[in-house]
Amino acid sequence: MFHAQILTLFPEFFDSPLSCSIPKRAIAAGIVQVETIQIRDFATDKHHSVDDAPYGGGPGMLMKPEPVVASIRAAREQHPDTHVVMLTPSGSRFTQAKALEFIEKPGVTLLCGRYEGFDERICNYVDEQISLGDYVLSGGEPAAICVLDALIRLLPGVLGSPESAVLDSFSEEGILDWPHYTRPENFEDKRVPAVLLSGNHAAIESWRRAQAKARSKNRR
Ligand code: SAM
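Residues numbered from 1 in each chain as written. Predicted model: local features only at pLDDT ≥ 70, side-chain atom pairs only at ≥ 80, totals over all residues. Heavy atoms only, no water.

### As for the domain arrangement of the chain
- For the chain, the domain assignment lists domain 1 (2-152) and domain 2 (175-219).
- Averaged C-alpha coordinates put domain 1 and domain 2 at centres separated by 39 Å. (Domains from an automatic or database assignment.)

### Digging into the environment of cysteine 20
- Looking at the secondary structure, you find cysteine 20 in the loop between β1 (2-8) and α1 (21-28).
- Judged by its relative accessible area of 39%, cysteine 20 is partly exposed.
- C-alpha separation for the pair cysteine 20 and glycine 58, spaced 38 residues apart in sequence, amounts to 41 Å. (Helix = DSSP H or I, 4+ residues; strand = E, 2+ residues; numbered from the N terminus. Buried < 20%, exposed > 50% of the residue type's maximum accessible area, 1.4 Å probe, protein only.)

### Quick look at the side chain of glutamate 141
- Here glutamate 141 shows up in helix α4 (residues 140-152).
- For glutamate 141, the residues in contact, after removing those within four places along its chain, are Thr8, Leu9, Phe10, Phe13, Phe14, Cys112, Gly113 and Arg114. (Contact = heavy atoms within 4.5 Å.)

### Some words on the sheet that holds strand β5 (residues 83-93)
- With respect to topology, five strands assemble into an open sheet ordered β2-β1-β6-β5-β7, the strand pairing being parallel. The open sheet has two edge strands, β2 (32-38) and β7 (128-131), and neither has a second partner. Here the strands of the sheet are splayed against their neighbours by 30 degrees on average, with no regard to which way each runs. (Pairing = 2+ DSSP bridges. Axes fitted to C-alpha atoms, helices over the stretch in contact; angles between N-to-C directions.)

Given below as structure tokens:
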């Protein structure tokens, strides 16, 4: 079974997204096991502090190394072969290729930051730093749930039709999905392209590939 551990100050963040649809079914089927670990439980001072002011001055607070590193050690103790991923805007961009790489591992541990981010020395204790994109979220939790969701739907046995994952956007390097249509054939004078009603599978396949290529070129 693939394991996912999430190191966070807000374990309750994950309750809703993991309790519906595909993640819920994957967990119930025993394909993935997801566990949250509260970083604050590893704080040792009487106020259970997990943050402190930056050396050199500047706004905001930083995640302190002691509780964060202790929580990483606890995660590795439970799963010695886990791949520890720090979520940070300064990381390498998360892609479908990266998702496919991660599901080949026995499991992942996703480290979520808050405040102004992590004390830099924490980077020495993780295997990889990953960003969701070039924008700043208020915490690592929304990034972690996106990563986790992308992994879960790729795990064998999760999607009803395994072909769906193969046909998704990015399954072919840099290529977006083609446009899809369902009933009705005519919606407010916007018609389904005639080729999709033709029954000519070769023509449909070639139309879809051309659409995907054109869309990828225009939008990326
Ligand atoms: N000062 C940091 C910077 O400018 O890079 C931003 C810190 S952000 C407010 C707090 C936390 O949210 C980060 O430590 C990280 O865990 C998470 N986060 C924010 N944006 C992210 C992104 N694009 N990808 C992954 N994690 C992100």
